[in-house]
Structure formats: structure tokens, C-alpha cells
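Okay, here's what each chain looks like letter by letter:
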Amino acid sequence: MSTTLPLLPVARIHAVPASVAGGAPQPAIRDTSGSRERRHKAIFVRTLAWLSLCSASSLHAQSLPALPHLDTAQITVSGLSSGGAMAMQLAVAYSGRVDGVGLFAAPPYACADGSVWWALNQCMLTGLGPFFGFMYGSVSEWGGLPLSAERMADKARRWAGEGKVDPVAKLATQKVWSYRGLADSTVGNNAYAAIRGFYAGFGNTVSEEADSRRRNVPHAIPIASDGLDVCTVDAPGDEKVFLASCRFDGVGAMLKSLLRRGQDTAALKPGKPVAGSFVEFEQKRYLPAAPGGVLSMADTARAYVPARCREGSGTACKLHVALHGCRQGADGNYRLFTERAGYNEWAETLGLVILYPRAVATDGATSANPRGCWDWWGYSGNQPLNSYAWKQAPQMRAVMCMADALKTGAASCPR
């Protein structure tokens, strides 16, 4: 039997008028509470108060529940930043089972070529970006170093021929939704465009949002409700939560595109999350070994299981895997991601079980993963060079094993 967790209250940070909370994108939200420094201090204090509520809860993690009516043969996945990179790796490596993928500010498939230097400088704007941004304009306007979508597609074809990823035929019909805020100073427009080019190489078209829904949005998942980051404001250091109140429900737009593409979704509204639908489980039961590297995944993780999807309900539900970004696997940010990004509201409406795998930082001066990112450059095993993007990559094996365990109730996975 699984253990349920309460939904914990989160302090209100910025009130959004009810008349516009769920409507069309509005102009950038201005911070009128004082200086940026005071604003961030207030955010930090409220976050600490929220964390104290978390620590007061009694948690007991077990194995995943068995949901025999859950469809795990055709799943959807999504993620932010490194989580988006992992979502795309899953979408390519397991294309036979991944029916749709949603990408928030993600680098394209196998972009890093097994090198953290290329990850920072070729796929993102965090290495050479500030220098080139100074020369050519703001960092968010600079596209980043050129990327070859054709080369990435060729790698997928070659690896499919070698049996390292699924056959690429399904990439032609896979549902793909991609999003990058126009004020994103972490992942460049060239990386965003390369996702479009990658799928175009297989005859597929990526769904994207209009510029009006991307304007002023930073490196974050945009949400319609109150968040801990104000839209256009980049909180410093560990105060980042990467959920930005931009008056646009990014998760809702993504899920409707993946699950209801071609249908009229105007009447669909997000539901109300139910406290008893959260399950915390021992993720470590499902983790394989990571020879020659580090796995960098937490001992525990969460899932959201609506009442209509529970064992004994008889209702067939679908599975969505939601992957957080770097630093979002830390305790407070992870709970914010699992409770405030918007997935659970749409889980109630669309009949979804949401699996929230969890990556964490590794310790030490020579840490392979100091910010708790998902492995999209090869830290979890250094041989062969690009093995992090193949089906047998340890983190991807863990995610797919947890997906299967949600249907079968398996208490562990083969190591």
C-alpha cells in the first residue's frame, strides 16, 4: 500500500488578478515591492517558512503502487532545461514507447557530444555566452554557437542501426511541443531551433507557441498562478525556483498539445489537486548501477495518482513523466516543482498519472554534477563517449523501470 502526502500550503508571493489569472498572456509583471535585493530577500524568507512546513510532515516512502489499468506502452514525457534534455533523450532512445514529448528551454538530442565544455558553450549560453553577448547584444538575444540539426539526426539514425536506440521511424509521428522564453539567457535560440530542425529531418513538425506567449519569459516554466519567481526576474543563486508567474499556463498548453492535438481544447479547464493523490516512494529501489560514473539520483521521489487512476477504479489512465531542471531536485525546489508547476491540475482533468523522477547534486570539490542536473553530457558513465544518450544509460533505465513499476507494482528493478 502506498503512503499519501498532504499538499502543503505555499506562501503567496505575487497576487495575480482573478480576471487575468487564467487568460491570455499579459505584459510583463513588474516588481513594485522595492529593490530587487529586498524582493529576493522576501522570497527567501517565505521559502524558508514554507520549508519548515515540509520538515514538519511525516513522510514514509515505500515502493510504487500497482496500477494495472495504466497505459505504459505509450507514455508522454516533458522537462525543463536539463530535464528537457533528458526528456528528448527518452523520446529518441525509447521512441517506440514515447508517444509525445514536451520541451521547456531544452538543448537538442545528443548536443553535448559527451563533453561538459560543449554542453556549456555549444548547447547553452553559460560558457562563452556572456562574452559574445557583450559583443552582439544581450545574452538572451544571442543565439549561441551554430548547431547542426542534421548531424544530430544522423547520430540518431546511426545509433538506431546499431541497436543503441529504438528505430527512428516513430520520430516521424511523435508529438513534439517545444518552448523557449524570449528572455532566456541560459539556453540559446540556436538550440531551440535545432530541435525543430532535428524533427524536420524525420518529416515531423514541432508545435510551438507564438512570440506573444514567450515574450519576457526567463529560463523557467511559465505558470498562470502565483509563483516564487516574478516573470522577467532572474533570482540569484539558490533562490531560483524556475517557476515564473508569466500569466501563461505552460504545462497546460504542453499537455493539451501532446494529448489532445487536433481537438478543440478551449473548454478544458485544470482541475483541483487532491492532497491524498500524492505518493512518495523509494526511488533508490529502482536505480541501476552506474559503472564508471555516478548516478546522481535521490533516494526518494514522488508521483501524483488521481483517485480515478488508482487500483480498483477500473479507469484506464495515461502516464506522463515530468523531469525537473537543474537545482529543482533539492528538497524545497523539488516540492515546489511537483506541486506548483501545473501538472497535477491537468492530471485531474486529463486522467494522467504523473511520475516525478528526482536527480540530486553530488558532493565534493570535484563533483561531477554540483547542481543536480540530469545527465545530458555524460557524467553518469564515461565509456563510451555518447552512451548517456542511449537506451542503456543508467538514468534513462531508471526512469523507464519506474514507469513499468507503476503498472506492475514491482518493488525493484534489475541492476
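Structural notes, computed from the coordinates. It should be emphasised that the depicted structure is a prediction, and the values quoted were computed from it without experimental measurement. (Residues numbered from 1 in each chain as written. Predicted model: local features only at pLDDT ≥ 70, side-chain atom pairs only at ≥ 80, totals over all residues. Heavy atoms only, no water.)

Some details on the overall build of the chain
For the chain, the count of helices and strands is ten helices and twelve strands. By the burial criterion, 57% of the 415 residues in the chain qualify as buried. Taking as baseline every contact in the chain between residues at least 6 positions apart, the subset at least 24 positions apart corresponds to 76%. For the chain, the exposed surface amounts to about 16,600 Å²; the carbon and sulfur share of it is 54%. (Helix = DSSP H or I, 4+ residues; strand = E, 2+ residues; numbered from the N terminus. Buried < 20%, exposed > 50% of the residue type's maximum accessible area, 1.4 Å probe, protein only. Contact = heavy atoms within 4.5 Å. Areas by Shrake-Rupley, 256 points an atom, 1.4 Å probe, with all protein chains shown as cover.)

Considerations on the environment of Ser 313
Mapping Ser 313 onto the fold places it in the loop between strand 10 (300-304) and strand 11 (317-323). Taking relative accessible area as the criterion, Ser 313 reaches 33% and is therefore assigned partly exposed. Spatially, the C-alpha atoms of Ser 313 and Leu 67 are 9.4 Å apart, while their sequence positions differ by 246 residues. Setting aside its immediate chain neighbours within four residues, Ser 313 contacts Ala 307 and Arg 308.

Focus on the packing of aromatic side chains
Evaluation of the coordinates by the stated rule reveals 16 aromatic pairs. Ring centres of Trp 159 and Trp 390 lie 5.8 Å apart, and the angle between their planes is 70 degrees; on these two criteria the pair is classed as edge-to-face. Of this pair, Trp 159 sits in helix 5 (residues 149-161) while Trp 390 is found in the loop between strand 12 (352-356) and helix 10 (394-408), placing the two residues 231 residues apart along the sequence. When its relative accessible area of 3% is taken as the criterion, Trp 159 is described as buried. For Trp 390, a relative accessible area of 12% gives the class buried. The structure contains a cluster of three or more aromatic residues connected by ring pairs, namely Tyr 109, Trp 159, Phe 198, Tyr 199, Phe 202 and Trp 390. Stacked on the ring of Phe 278, the Lys or Arg Arg 302 has its end atom at 3.9 Å from the ring centre. (Phe/Tyr/Trp six-rings, centres within 6.5 Å; stacked < 30°, edge-to-face > 60°. Lys NZ or Arg CZ within 6 Å of the ring centre and 35° of its normal.)

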